[in-house]
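Listed below, chain by chain, are the residues.
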Amino acid sequence: MLKLGSTRKAIGTMVVCPACRHANLGIYIWCERCGAPLDWNRPSDLSTPSPIVPAAKREPLRVPVAPPRRAFTLPRLTVPAVAWPRLVVPALRVPRPRMPRVPRIALVVAAIMAVLLIVPLAYMLLPAGRAAVDPQKAASHLPPTSGLTAAVTAQAAAIPGVEAKTQLPYRSGCASIAPCLTVKCETVGKDAAAVLFSTATSAARECVGYVYRSGGKWHFLDAVCGLPDQLSPLVGHDAIVHVPGNCANVRDAANLTAAVVACLKDGSSVRIDGGPTWADSRLWWHEQHGWVAHDFLTGP
(Lines give C-alpha, C1' and ligand atoms only; values in the text may rest on other atoms or scores of the structure.)
Protein backbone atom coordinates (compact mmCIF):
# COMPACT_ATOMS: atom_id res chain seq x y z
CA MET A 1 0.00 0.00 0.00
CA LEU A 2 1.31 3.41 -0.88
CA LYS A 3 1.15 6.17 1.54
CA LEU A 4 -0.89 9.24 0.80
CA GLY A 5 1.15 11.99 -0.71
CA SER A 6 3.70 9.63 -2.15
CA THR A 7 5.10 10.55 -5.57
CA ARG A 8 5.58 6.93 -6.62
CA LYS A 9 2.90 5.42 -8.73
CA ALA A 10 0.99 2.46 -7.47
CA ILE A 11 1.38 -0.92 -9.04
CA GLY A 12 -2.08 -0.76 -10.55
CA THR A 13 -1.42 2.61 -12.10
CA MET A 14 -1.30 2.65 -15.89
CA VAL A 15 1.91 3.92 -17.40
CA VAL A 16 1.92 5.34 -20.91
CA CYS A 17 4.75 4.27 -23.17
CA PRO A 18 6.65 7.36 -24.25
CA ALA A 19 7.35 5.76 -27.62
CA CYS A 20 4.10 4.24 -28.85
CA ARG A 21 1.70 5.78 -26.30
CA HIS A 22 0.45 2.39 -25.21
CA ALA A 23 -0.96 2.13 -21.71
CA ASN A 24 0.95 -0.41 -19.68
CA LEU A 25 0.41 -1.72 -16.20
CA GLY A 26 2.46 -0.23 -13.49
CA ILE A 27 4.24 -3.49 -12.90
CA TYR A 28 5.80 -3.43 -16.41
CA ILE A 29 9.18 -2.04 -16.96
CA TRP A 30 9.07 -2.35 -20.71
CA CYS A 31 6.28 -1.50 -23.09
CA GLU A 32 4.38 -4.61 -23.97
CA ARG A 33 3.78 -3.28 -27.44
CA CYS A 34 7.03 -1.85 -28.70
CA GLY A 35 9.45 -2.94 -25.98
CA ALA A 36 10.58 0.57 -25.14
CA PRO A 37 11.51 1.27 -21.49
CA LEU A 38 8.78 2.88 -19.42
CA ASP A 39 9.39 6.12 -17.58
CA TRP A 40 7.93 5.88 -14.09
CA ASN A 41 8.87 9.36 -13.10
CA ARG A 42 7.11 10.93 -16.07
CA PRO A 43 3.56 11.98 -15.32
CA SER A 44 0.96 10.03 -17.13
CA ASP A 45 -1.12 11.78 -19.78
CA LEU A 46 -4.12 9.73 -18.88
CA SER A 47 -6.71 11.80 -16.97
CA THR A 48 -8.28 8.82 -15.37
CA PRO A 49 -6.69 5.64 -14.41
CA SER A 50 -7.46 2.81 -16.66
CA PRO A 51 -9.55 0.15 -15.24
CA ILE A 52 -7.77 -2.89 -14.07
CA VAL A 53 -8.34 -5.58 -16.61
CA PRO A 54 -8.71 -9.02 -15.19
CA ALA A 55 -5.87 -11.36 -15.87
CA ALA A 56 -8.07 -13.61 -17.98
CA LYS A 57 -8.91 -10.77 -20.35
CA ARG A 58 -5.49 -9.31 -20.61
CA GLU A 59 -3.68 -9.44 -23.88
CA PRO A 60 -0.62 -11.67 -23.81
CA LEU A 61 2.61 -10.00 -23.15
CA ARG A 62 4.29 -9.24 -26.38
CA VAL A 63 8.01 -9.32 -26.22
CA PRO A 64 9.48 -7.02 -28.79
CA VAL A 65 11.48 -8.81 -31.36
CA ALA A 66 14.57 -7.10 -32.43
CA PRO A 67 14.74 -6.57 -36.13
CA PRO A 68 16.92 -9.15 -37.86
CA ARG A 69 20.47 -8.13 -38.19
CA ARG A 70 21.84 -7.77 -41.59
CA ALA A 71 24.76 -10.03 -42.30
CA PHE A 72 27.88 -8.06 -42.80
CA THR A 73 29.30 -8.94 -46.21
CA LEU A 74 32.83 -8.05 -47.03
CA PRO A 75 33.30 -6.50 -50.40
CA ARG A 76 34.60 -9.02 -52.93
CA LEU A 77 38.20 -8.40 -53.70
CA THR A 78 38.76 -8.71 -57.39
CA VAL A 79 42.29 -8.95 -58.69
CA PRO A 80 42.54 -7.72 -62.21
CA ALA A 81 43.92 -10.34 -64.58
CA VAL A 82 47.39 -9.64 -65.83
CA ALA A 83 47.77 -10.17 -69.54
CA TRP A 84 51.33 -11.26 -70.13
CA PRO A 85 52.72 -10.48 -73.53
CA ARG A 86 53.03 -13.57 -75.69
CA LEU A 87 56.60 -14.33 -76.59
CA VAL A 88 56.87 -15.31 -80.20
CA VAL A 89 60.18 -16.82 -81.29
CA PRO A 90 60.81 -16.24 -84.93
CA ALA A 91 61.26 -19.43 -86.89
CA LEU A 92 64.85 -20.06 -87.89
CA ARG A 93 65.02 -21.11 -91.46
CA VAL A 94 68.24 -22.64 -92.66
CA PRO A 95 68.61 -22.48 -96.37
CA ARG A 96 68.89 -25.92 -97.90
CA PRO A 97 72.13 -26.37 -99.74
CA ARG A 98 71.65 -26.98 -103.35
CA MET A 99 74.11 -29.19 -105.06
CA PRO A 100 75.31 -27.78 -108.28
CA ARG A 101 74.23 -29.68 -111.29
CA VAL A 102 77.02 -31.83 -112.59
CA PRO A 103 77.01 -32.85 -116.22
CA ARG A 104 76.45 -36.54 -116.78
CA ILE A 105 79.69 -36.92 -118.66
CA ALA A 106 81.58 -35.60 -115.59
CA LEU A 107 79.90 -38.23 -113.41
CA VAL A 108 80.87 -40.97 -115.83
CA VAL A 109 84.48 -39.79 -115.88
CA ALA A 110 84.56 -39.64 -112.06
CA ALA A 111 83.18 -43.17 -111.81
CA ILE A 112 85.82 -44.48 -114.20
CA MET A 113 88.58 -42.74 -112.25
CA ALA A 114 87.26 -44.20 -108.99
CA VAL A 115 87.32 -47.70 -110.45
CA LEU A 116 90.85 -47.20 -111.73
CA LEU A 117 91.94 -46.13 -108.25
CA ILE A 118 90.00 -48.72 -106.23
CA VAL A 119 90.97 -51.80 -108.24
CA PRO A 120 94.74 -51.44 -107.70
CA LEU A 121 94.16 -50.62 -104.05
CA ALA A 122 91.98 -53.69 -103.55
CA TYR A 123 94.55 -55.80 -105.33
CA MET A 124 97.21 -54.52 -102.96
CA LEU A 125 95.06 -55.25 -99.89
CA LEU A 126 94.13 -58.79 -100.90
CA PRO A 127 96.48 -61.53 -99.67
CA ALA A 128 97.31 -62.66 -103.19
CA GLY A 129 98.02 -59.12 -104.27
CA ARG A 130 100.28 -58.45 -101.30
CA ALA A 131 102.16 -61.65 -101.96
CA ALA A 132 102.78 -60.64 -105.54
CA VAL A 133 103.63 -57.01 -104.95
CA ASP A 134 105.24 -56.57 -101.54
CA PRO A 135 108.08 -59.07 -101.75
CA GLN A 136 108.72 -58.31 -105.40
CA LYS A 137 108.82 -54.59 -104.73
CA ALA A 138 111.99 -55.09 -102.72
CA ALA A 139 113.46 -57.04 -105.64
CA SER A 140 112.59 -54.36 -108.18
CA HIS A 141 115.90 -52.75 -107.36
CA LEU A 142 118.58 -55.12 -108.52
CA PRO A 143 121.02 -56.31 -105.86
CA PRO A 144 124.45 -54.74 -105.86
CA THR A 145 127.00 -56.40 -108.15
CA SER A 146 130.03 -55.35 -106.10
CA GLY A 147 131.10 -53.02 -108.86
CA LEU A 148 131.06 -55.76 -111.49
CA THR A 149 130.64 -54.57 -115.03
CA ALA A 150 128.41 -56.02 -117.72
CA ALA A 151 129.79 -58.97 -119.67
CA VAL A 152 129.32 -60.43 -123.07
CA THR A 153 128.47 -63.98 -121.86
CA ALA A 154 126.48 -65.34 -118.97
CA GLN A 155 129.51 -67.08 -117.44
CA ALA A 156 131.59 -63.91 -117.68
CA ALA A 157 128.91 -62.05 -115.74
CA ALA A 158 128.45 -64.84 -113.16
CA ILE A 159 132.12 -65.47 -112.32
CA PRO A 160 132.88 -62.11 -110.58
CA GLY A 161 129.66 -62.28 -108.62
CA VAL A 162 130.26 -65.78 -107.30
CA GLU A 163 133.88 -64.94 -106.52
CA ALA A 164 132.74 -61.98 -104.43
CA LYS A 165 130.26 -64.17 -102.54
CA THR A 166 132.59 -67.13 -101.83
CA GLN A 167 135.92 -65.30 -101.67
CA LEU A 168 137.30 -68.09 -103.89
CA PRO A 169 139.15 -67.47 -107.17
CA TYR A 170 137.92 -68.84 -110.45
CA ARG A 171 140.19 -71.30 -112.27
CA SER A 172 139.73 -73.36 -115.37
CA GLY A 173 141.28 -76.21 -113.41
CA CYS A 174 141.74 -76.27 -109.63
CA ALA A 175 144.67 -77.98 -107.83
CA SER A 176 143.72 -80.40 -105.08
CA ILE A 177 145.51 -78.42 -102.41
CA ALA A 178 143.90 -75.04 -103.16
CA PRO A 179 140.09 -74.66 -103.46
CA CYS A 180 138.74 -72.59 -106.31
CA LEU A 181 135.71 -72.10 -108.54
CA THR A 182 135.09 -74.02 -111.73
CA VAL A 183 132.04 -73.93 -113.98
CA LYS A 184 130.09 -77.19 -113.75
CA CYS A 185 127.08 -76.45 -116.00
CA GLU A 186 124.88 -73.67 -117.28
CA THR A 187 121.09 -73.33 -117.79
CA VAL A 188 120.10 -70.60 -120.21
CA GLY A 189 116.52 -69.37 -120.55
CA LYS A 190 114.93 -66.26 -122.04
CA ASP A 191 117.23 -63.33 -121.21
CA ALA A 192 118.35 -65.18 -118.04
CA ALA A 193 120.75 -67.94 -117.05
CA ALA A 194 121.82 -70.00 -114.02
CA VAL A 195 125.57 -70.88 -113.97
CA LEU A 196 126.50 -73.74 -111.60
CA PHE A 197 129.97 -73.66 -109.99
CA SER A 198 131.90 -76.28 -108.07
CA THR A 199 134.03 -75.04 -105.16
CA ALA A 200 136.43 -78.04 -105.31
CA THR A 201 136.57 -78.32 -101.52
CA SER A 202 136.36 -81.30 -99.20
CA ALA A 203 132.75 -80.40 -98.39
CA ALA A 204 131.87 -80.59 -102.10
CA ARG A 205 129.79 -77.44 -101.87
CA GLU A 206 128.41 -75.86 -105.01
CA CYS A 207 127.25 -72.37 -105.94
CA VAL A 208 124.89 -71.12 -108.59
CA GLY A 209 125.09 -67.64 -110.05
CA TYR A 210 121.94 -66.03 -111.52
CA VAL A 211 122.42 -63.54 -114.35
CA TYR A 212 120.11 -61.68 -116.71
CA ARG A 213 120.50 -59.96 -120.05
CA SER A 214 119.54 -56.37 -120.64
CA GLY A 215 120.61 -53.99 -123.39
CA GLY A 216 122.60 -56.78 -125.10
CA LYS A 217 124.78 -57.31 -121.99
CA TRP A 218 124.75 -59.86 -119.17
CA HIS A 219 124.49 -58.68 -115.55
CA PHE A 220 124.97 -60.49 -112.26
CA LEU A 221 121.82 -60.80 -110.11
CA ASP A 222 122.42 -63.16 -107.18
CA ALA A 223 124.29 -66.27 -106.03
CA VAL A 224 123.40 -69.18 -103.72
CA CYS A 225 125.78 -71.78 -102.26
CA GLY A 226 125.11 -75.10 -100.55
CA LEU A 227 125.19 -78.84 -100.92
CA PRO A 228 124.33 -80.14 -104.41
CA ASP A 229 120.86 -81.35 -103.34
CA GLN A 230 120.06 -78.07 -101.57
CA LEU A 231 120.66 -75.64 -104.42
CA SER A 232 117.45 -74.10 -105.73
CA PRO A 233 115.75 -72.74 -107.66
CA LEU A 234 117.17 -74.78 -110.52
CA VAL A 235 115.48 -76.72 -113.29
CA GLY A 236 114.92 -80.31 -112.17
CA HIS A 237 115.22 -79.42 -108.47
CA ASP A 238 112.62 -78.92 -105.76
CA ALA A 239 112.11 -75.46 -104.26
CA ILE A 240 110.35 -74.19 -101.14
CA VAL A 241 107.89 -71.27 -101.28
CA HIS A 242 109.01 -68.58 -98.86
CA VAL A 243 106.33 -65.92 -98.21
CA PRO A 244 105.91 -65.62 -94.39
CA GLY A 245 102.25 -65.27 -93.47
CA ASN A 246 101.11 -65.12 -97.08
CA CYS A 247 101.14 -66.97 -100.39
CA ALA A 248 102.99 -66.60 -103.69
CA ASN A 249 101.11 -65.81 -106.87
CA VAL A 250 101.38 -68.23 -109.77
CA ARG A 251 100.79 -66.57 -113.15
CA ASP A 252 100.04 -67.95 -116.58
CA ALA A 253 102.98 -66.01 -118.07
CA ALA A 254 106.33 -64.73 -116.85
CA ASN A 255 105.31 -61.09 -116.22
CA LEU A 256 103.41 -59.03 -113.68
CA THR A 257 100.45 -58.33 -115.96
CA ALA A 258 99.69 -62.02 -116.51
CA ALA A 259 96.63 -63.53 -114.83
CA VAL A 260 97.01 -65.18 -111.44
CA VAL A 261 96.09 -68.88 -111.71
CA ALA A 262 97.04 -70.03 -108.21
CA CYS A 263 98.55 -68.90 -104.93
CA LEU A 264 101.15 -71.14 -103.26
CA LYS A 265 101.14 -71.21 -99.45
CA ASP A 266 104.23 -70.36 -97.48
CA GLY A 267 106.37 -73.49 -96.93
CA SER A 268 104.86 -75.51 -99.77
CA SER A 269 107.22 -77.49 -102.04
CA VAL A 270 107.19 -77.17 -105.84
CA ARG A 271 109.13 -78.84 -108.63
CA ILE A 272 110.91 -76.48 -111.02
CA ASP A 273 110.46 -77.64 -114.62
CA GLY A 274 111.29 -74.55 -116.64
CA GLY A 275 113.15 -71.25 -116.73
CA PRO A 276 114.77 -69.01 -115.97
CA THR A 277 113.12 -66.06 -117.72
CA TRP A 278 113.82 -62.36 -117.21
CA ALA A 279 110.82 -59.99 -117.45
CA ASP A 280 109.56 -56.89 -115.63
CA SER A 281 112.91 -56.64 -113.78
CA ARG A 282 112.38 -60.07 -112.23
CA LEU A 283 113.62 -63.60 -112.66
CA TRP A 284 110.88 -66.21 -113.20
CA TRP A 285 110.75 -70.01 -112.81
CA HIS A 286 108.08 -72.39 -114.04
CA GLU A 287 106.35 -75.10 -112.02
CA GLN A 288 103.35 -77.29 -112.86
CA HIS A 289 100.75 -74.52 -112.34
CA GLY A 290 102.57 -71.60 -113.95
CA TRP A 291 105.31 -69.03 -113.40
CA VAL A 292 106.59 -67.98 -109.97
CA ALA A 293 108.93 -65.08 -109.21
CA HIS A 294 112.48 -65.99 -108.17
CA ASP A 295 112.14 -63.94 -104.94
CA PHE A 296 109.56 -66.40 -103.51
CA LEU A 297 111.65 -69.57 -103.94
CA THR A 298 114.46 -70.99 -101.81
CA GLY A 299 116.32 -74.28 -101.51
CA PRO A 300 114.90 -77.20 -99.51
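Residues numbered from 1 in each chain as written. Predicted model: local features only at pLDDT ≥ 70, side-chain atom pairs only at ≥ 80, totals over all residues. Heavy atoms only, no water.

Novice: Give a detailed account of the nonpolar core, specifying residues and quantitative values.
Specialist: Generally speaking, nonpolar side chains in soluble globular proteins are found buried as a group. By size, the foremost hydrophobic cluster in this structure holds 28 residues, and its most contacted members are V208, Y210, V241, V270, L283, W285 and L297. Apart from the residues lying within four places of it in its own chain, the contact partners of Y210 are A193, A194, H219, F220, L221, D222, V224, S232, P233, L283, W285 and H294. (Core = buried A, V, L, I, M, F, W, Y, C linked by side-chain atoms within 4.5 Å. Buried < 20%, exposed > 50% of the residue type's maximum accessible area, 1.4 Å probe, protein only. Contact = heavy atoms within 4.5 Å.)

Novice: I'd like a rundown of helix α3 (residues 154-166), residues and numbers included.
Specialist: Given a rise of 1.5 Å per residue, 13 residues ought to cover 18 Å, and the 18 Å separating the end C-alpha atoms of α3 matches this to within 8%. For α3, the set of buried residues is A154, A157, A158, I159, G161, V162 and T166. In this structure, the buried residues of α3 make contact with β3 (182-188), β4 (192-198), β5 (206-214) and β6 (217-226). Between the side-chain oxygen of the N-cap and the backbone nitrogen of A156 there are 3.1 Å, and the N-cap of α3 in question is T153. Following α3 by one or two positions, Q167 has its phi on the positive side, about 60°. (Helix = DSSP H or I, 4+ residues; strand = E, 2+ residues; numbered from the N terminus. Expected span 1.5 Å × (residues − 1). Polar contact = N/O pair within 3.5 Å; in protein donor to acceptor, adjacent residues only side chain to side chain.)

Novice: Let's hear about unusual backbone geometry: which residues, and what values?
Specialist: Cis peptide bonds are those with omega within 30 degrees of zero, and the linkage from S232 to P233 qualifies with 10°. Counting through the fold element by element, P233 comes out in the loop between β6 and β7 (238-241). The peptide bond linking G275 to P276 adopts the cis configuration, its omega dihedral lying at -5°. Considering the arrangement of structural elements, one finds P276 in strand β11 (residues 274-279). The phi dihedral of R21 is positive, around 65°, even though this residue is not glycine. The residue R21 is located in the loop between β1 (15-16) and β2 (23-24) in this model. For R21, a relative accessible area of 43% puts it in the partly exposed group. Despite not being glycine, S281 has its phi angle at roughly 60°, a positive value. Structurally, S281 can be placed in the loop between β11 and β12 (282-286).

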